[in-house]
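Summary of the model geometry
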Amino acid sequence: MSVKVENLTKVYDEQVAVNHISFDIPKGEIVGFLGPNGAGKSTTMKIITGYIPATEGSATVCGKEVSNHLIHTQRNIGYLPESNPLYHEMYVREYLTFLSRVHKLGIKSNKRIDEVIELTGLGREEKKKIGSLSKGYKQRVGLAQAIIHDPEVLILDEPTSGLDPNQIVEIRDLIKNFGKEKTVILSTHIMQEVEAMCNRVIIINKGNIVADDSLIQLQQNNEHKNLEDIFRSLTLN
Ligand code: ADP
């Protein structure tokens, strides 16, 4: 399994944000991780990436428990947080070079930076300051930083929010390509995005998993309703 979550719980002060959830994701799946605002998606993703500790239960990435193997986790996970924090004063290639040092890519650095610039379509922007780029290109830089170290697992928190329709199609293609060989967990509010990209859907509501199935099975189980209606009926309460 690329990602395994067992009995995972997070309590902030007295609020239970994630309530004893479990799931396994094998290599090669693109999983849509859905839920209304406040459902516990970001909290779960932050625990899997090692950014915050769980209160109870465990998350395992590529065979090792996250909280006990943070370096192994960072090596194997690429993470694009919802806010996409970037160094706006840095130039695109300079930023990727900096990250390649952080990840200790050594002599592979230049070749990998070229590859990632090519993959994310940043060729014409590589000498520009990140702060001067459009939102779509900043998002590509965010994706580039997530894949620079060629991780096995990619965790993307609303990767297409705020992008125009053309940019959305381009970013989706990139993610789909990545998902052919790796594992992707994708949080989004856009159901068409899930239908376009994901083989599997996990829906979380108020910290509990209310569905975990292939898209086809989920529709069969719910009178063939569209995903939007299924989502609404499962997250009303
Ligand atoms: P989602 O990503 O699905 O919108 P979150 O994981 O961000 O949900 O939040 C789940 C719940 O935990 C929410 O009720 C939110 O207010 C709460 N929460 C998230 N982060 C914190 C925090 N740092 N301190 C206290 N409560 C938090």
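Now for a look at the structure at hand.

Each value, and the rule that gives it
Residues numbered from 1 in each chain as written. Predicted model: local features only at pLDDT ≥ 70, side-chain atom pairs only at ≥ 80, totals over all residues. Heavy atoms only, no water. Helix = DSSP H or I, 4+ residues; strand = E, 2+ residues; numbered from the N terminus. Buried < 20%, exposed > 50% of the residue type's maximum accessible area, 1.4 Å probe, protein only. Contact = heavy atoms within 4.5 Å. Areas by Shrake-Rupley, 256 points an atom, 1.4 Å probe, with all protein chains shown as cover. Lys, Arg positive; Asp, Glu negative; His and termini not counted. Charge placed at Lys NZ, Arg CZ, Asp CG, Glu CD. Near = heavy atom within 4 Å. Polar contact = N/O pair within 3.5 Å; in protein donor to acceptor, adjacent residues only side chain to side chain. Nonpolar A, V, L, I, M, F, W, Y, C, P; charged D, E, K, R; others polar. 1 Å grid on protein atoms, 1.4 Å probe; cavity = no way out; pocket = protein on both sides within 12 Å on 5 of 7 lines; lining within 4 Å. Points joined across faces, edges and corners; volume = space filled by probe spheres on them. Pairing = 2+ DSSP bridges. Axes fitted to C-alpha atoms, helices over the stretch in contact; angles between N-to-C directions. Parallel < 35°, antiparallel > 145°, perpendicular 65-115°, else oblique. Left-handed = near helix turned anticlockwise from the far one by under 90°.

Bringing the overall build of the chain into the picture now. Scanning the chain for helices and strands turns up 9 helices and 10 strands. Counting only C-alpha atoms and orienting by the principal axes, one finds that the chain spans roughly 50 × 40 × 30 Å. Taken over 237 residues, the chain has a buried fraction of 49%. In the chain, the proportion of contacts linking residues at least 24 apart, taken out of those at least 6 apart, comes to 66%. With an accessible surface of roughly 11700 Å², the chain has 49% of that area assigned to carbon and sulfur atoms. Taking the 28 positively charged and 30 negatively charged side chains of the chain as two groups, their mean positions are separated by 6 Å.

In the neighbourhood of the ligand, the contacting residues comprise Tyr12, Gln15, Ala17, Pro36, Asn37, Gly38, Ala39, Gly40, Lys41, Ser42 and Thr43. Taking glycine 38, its main chain carries an N or O atom lying 2.7 Å from an oxygen atom of the ligand. Threonine 43 places a side-chain nitrogen or oxygen 2.5 Å from an oxygen atom of the ligand. When isolated, the ligand has an accessible area of 560 Å², and the protein chains bury 62% of it. For the shell around the ligand, the elements supplying multiple residues, two or more each, are strand S2 (15-25) and helix H1 (41-48). In terms of residue count, the dominant contributor to the shell around the ligand is H1 (3 residues). Within the shell around the ligand, the residues separate by chemical class into 4 nonpolar, 6 polar and 1 charged.

Moving on, we get to the layout of surface pockets. In this structure, the largest pocket occupies an estimated 710 Å³ of space. Contributing to the lining of the largest pocket are 24 residues, with Tyr51, Gln74, Val102, His103 and Gln145 lying nearest its centre. Each residue belonging to the lining of the largest pocket can be placed in one class, and the counts come to 13 nonpolar, 8 polar and 3 charged. By volume, the second largest pocket is sized at about 290 Å³. Lining the second largest pocket we find 14 residues, and of these Leu119, Ile147, Leu174, Asn177 and Phe178 sit closest to its centre.

With that out of the way, let us pick up the sheet that holds strand S10 (residues 208-214). Taking strand neighbours across the sheet as the criterion, the 6 strands line up as S6-S7-S8-S3-S9-S10 in an open arrangement whose pairing is mixed. The open sheet has two free edges, formed respectively by strand S6 (77-80) and S10, since each of these has just one partner strand. Strand-to-strand twist in this sheet, taken as the mean axis angle between neighbours without regard to direction, amounts to 15°. Pairing between S6 and strand S7 (residues 153-157): 4 bridges, direction parallel. Paired with isoleucine 77 across the strands is valine 153, a residue of S7. Running over the sheet, helix H5 (residues 135-147) touches S6 and S7 and is turned about 160° from S6. Along the sheet face, helix H9 (residues 227-235) touches strand S3 (30-34), strand S9 (200-205) and S10 and points at about 30° away from the line of S9.

One can describe the packing of helix H3 (residues 92-102) onto helix H4 (residues 109-119) by two numbers: an axis separation of 10 Å at closest approach and a directional angle of 130°. By the criterion of interaxial angle, the relationship of H3 to H4 is oblique. The hand of the H3/H4 crossing is right-handed. On H4, the residues touching Arg93, Leu96, Thr97 and Ser100 of H3 are Ser109, Ile113, Asp114 and Ile117. Here the contact of H3 with H4 is composed, by residue class, of 3 nonpolar, 3 polar and 2 charged.

With respect to the secondary-structure elements, lysine 182 resides in the loop between helix H6 (165-179) and strand S8 (183-187). Here the side chain of lysine 182 touches proline 151 through a polar contact of 3.4 Å, landing on its backbone oxygen.

Helix-helix packing is characterised by the crossing angle of the two axes and by the distance between the axes. Running from N to C, H5 and H6 point in directions that differ by 10°, and their axes come no closer than 10 Å. In terms of orientation, H5 lies roughly parallel with respect to H6. Together, Gly136, Arg140, Leu143 and Ile147 of H5 and Gln167, Glu170, Ile171, Leu174 and Phe178 of H6 make up the contact between the two elements.

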